[in-house]
Amino acid sequence: MTGRRIETDAVHIARPVDAATGGVAPALVRASTFLHDGQGAGIQGFGYTRYDNPNRQQVERTVARLEGGHEAVAFASGNAASFALLLSAAPGTRVIASRDSYRGTQMVLDTYGTRMGLEVVYADATDLDAMRAAITPEVSLVYVETPTNPLIRIADIAGIAAICREAGALLAVDNTFATPILQRPFEHGADLVVHSATKFMGGHSDLLAGLVVAREAGAALDAIRHWQKYGGAVPAPDVCWLLGRSLATLPVRMHQQCANAMQVAEALAEHPAISEVLHAGLPSHPGHALAMRQMSHGGAVFSFRVRAGREAAIATTLATQLCRCATSLGGVETLIEHRQSQDGVDSNTPPDLIRISIGLEHPADLIADLDQALTR
Ligand SMILES: *Cc1c(COP(=O)(O)O)cnc(C)c1O
């Protein structure tokens, strides 16, 4: 059916009626294998759960629809999805990655990219001139993240896509922070989208999963599907069922968490203990204009800097009572962390920086909690 809004499809593709019983929630199909016709073909289209599974298919179809892509391929984590993405690049070619990409992604690129015969080069994805200089004919894949972690810097997806097209490289965007509710990279010319579904898509800090979405059929998608099938880092049906349940509420959670985050960010921007708030929805943010062009909202994750420095920032994350001191993001509960401690001493993260992922608590309660932690 065409013309339906994504809120509708998020509910109905993720949660089809169970054909066998009429249940209005899908059945959890834990079966590892399915009846064959005697010649290797599954009677109802499914053969073996590593290859395909009804719950996994529900998730893949929903995410493909949300992103406006051709197909999505699900993995056991976001990192497994990034690993699979690299396999779409031909050995002997070069991969450009954004300099401040997720640390786990850098680990995959640095350790396994090289073993796959790829030359990995980092460039500042927020600087189009730097990207133009880096993207040469040897480059087969460009992998950027926007907004970035933890500085919430914004890369121009359409600008980078145009440079990639000229050089014959594919552009992949890690859309974990924005989700397709705020940003749809295919509309700006990206070829592939990567997700850690552990974050907003799962949304309840209780599962790990990842996906790669392809805008169209072709060799890259075939390579990623092949790795899903034989590399075998697939999500269990139980995880897919939970993720499908979560995807139905992704649009409404995202809208509310973003609205809450904006209120908290505006309150913190006025707070005397804070020197800077890095939220793409604030006009003071250097990437604000670009963010407003390619995103529908600045997001629910942002960072702020504590005037009194590193120790005070760490103490603040421990003094909150509602905001939980833990890494990760995108859940219904607000999480707060001293980011440099997470990134390690060699990171470029300012020592006084705190990252916060705003959940579904009332923003006034969060503001009060942060205020008491900052002014003890
Ligand atoms: C968490 C995260 C990942 C990795 O996902 P996992 O599910 O933890 O493996 C990749 N990219 C971004 C932007 C992330 O935040």
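Above: the structure in question.
A short tour of the structure in this document, coming up.

Thresholds, definitions, all that
- Residues numbered from 1 in each chain as written.
- Predicted model: local features only at pLDDT ≥ 70, side-chain atom pairs only at ≥ 80, totals over all residues.
- Heavy atoms only, no water.
- Near = heavy atom within 4 Å.
- Polar contact = N/O pair within 3.5 Å; in protein donor to acceptor, adjacent residues only side chain to side chain.
- Areas by Shrake-Rupley, 256 points an atom, 1.4 Å probe, with all protein chains shown as cover.
- Nonpolar A, V, L, I, M, F, W, Y, C, P; charged D, E, K, R; others polar.
- Salt bridge = Lys/Arg side-chain N within 4 Å of Asp/Glu carboxyl O.
- Helix = DSSP H or I, 4+ residues; strand = E, 2+ residues; numbered from the N terminus.
- Buried < 20%, exposed > 50% of the residue type's maximum accessible area, 1.4 Å probe, protein only.
- Pairing = 2+ DSSP bridges.
- Axes fitted to C-alpha atoms, helices over the stretch in contact; angles between N-to-C directions.
- Contact = heavy atoms within 4.5 Å.

**Section: the site of the ligand**
Move 1: Surveying the vicinity of the ligand reveals the residues S77, G78, N79, Y102, E145, D174, T176, F177, S196, T198, K199 and A209.
Move 2: Between the ligand and G78, the relevant distance is 2.8 Å, taken from an oxygen atom to a main-chain nitrogen or oxygen of the residue.
Move 3: Here an oxygen atom of the ligand sits 2.9 Å away from a polar atom, N or O, in the side chain of S196.
Move 4: Computed on the free molecule, the ligand has an accessible area of 380 Å², of which 92% lies beneath the protein chains in the complex.
Move 5: Residues belonging to the shell around the ligand are distributed by class as follows: three nonpolar, six polar and three charged.

**Considering the pattern of salt bridges**
Move 1: Under the defined criterion, the tally for this structure stands at 20 salt bridges.
Move 2: Between E60 and R56 there is a salt bridge whose closest N-O contact spans 3.5 Å. Taken together, the residues span about one helical turn, with E60 and R56 both in helix 2 (residues 54-67) at a distance of four residues.
Move 3: Judged by relative accessible area, E60 falls into the buried class, the value being 6%.
Move 4: In this structure, E276 engages R305 in a salt bridge whose closest nitrogen and oxygen atoms are separated by 3.5 Å. Remark: R305 occurs in strand 9 (residues 301-306) and E276 occurs in strand 8 (residues 274-278); sequence separation between them is 29 residues.
Move 5: Relative accessible area serves as the criterion here: at 33%, E276 is assigned to the partly exposed category.
Move 6: You can call R305 partly exposed: its relative accessible area is 25%.
Move 7: Ionic contacts of the salt-bridge type, sharing partners, join the residues R56, E60, E71 and R225 into one network.

**Thoughts on the sheet that holds strand 3 (residues 119-123)**
Move 1: Pairing in this open sheet of seven strands is mixed, and the strands run 1-7-6-5-4-2-3 from one edge to the other. The open sheet has two free edges, formed respectively by strand 1 (71-75) and strand 3, since each of these has just one partner strand. If you compare each strand with its neighbour and ignore which way they point, the axes differ by 20° on average.
Move 2: Sheet topology note: the strand 6 (residues 192-196)/strand 7 (residues 210-214) ladder contains five bridges and is antiparallel. Within strand 7, the residue paired with V194 across the bridge is V212.
Move 3: The strands touched by helix 6 (residues 157-167) are strand 4 (139-145) and strand 5 (170-174); relative to strand 5, the strand with the most contacts, the crossing angle is about 150°.
Move 4: Along the sheet, helix 8 (residues 219-231) makes contact with strand 1, strand 5, strand 6 and strand 7, crossing strand 1 at roughly 30°.

**A closer look at the pairing of strand 12 (residues 353-357)**
Move 1: Of all five residues in strand 12, five are buried, a share of seventy percent or more.
Move 2: Taking every second residue as pointing to the same face, both faces of strand 12 are buried, with L353, R355 and S357 on one and I354 and I356 on the other.
Move 3: Relative to strand 12, strand 9 runs antiparallel, the two being bridged by five bridges. Pairing of V301 across the sheet is with S357, part of strand 12.

Don't take any of this as a statement about function, it's just geometry.
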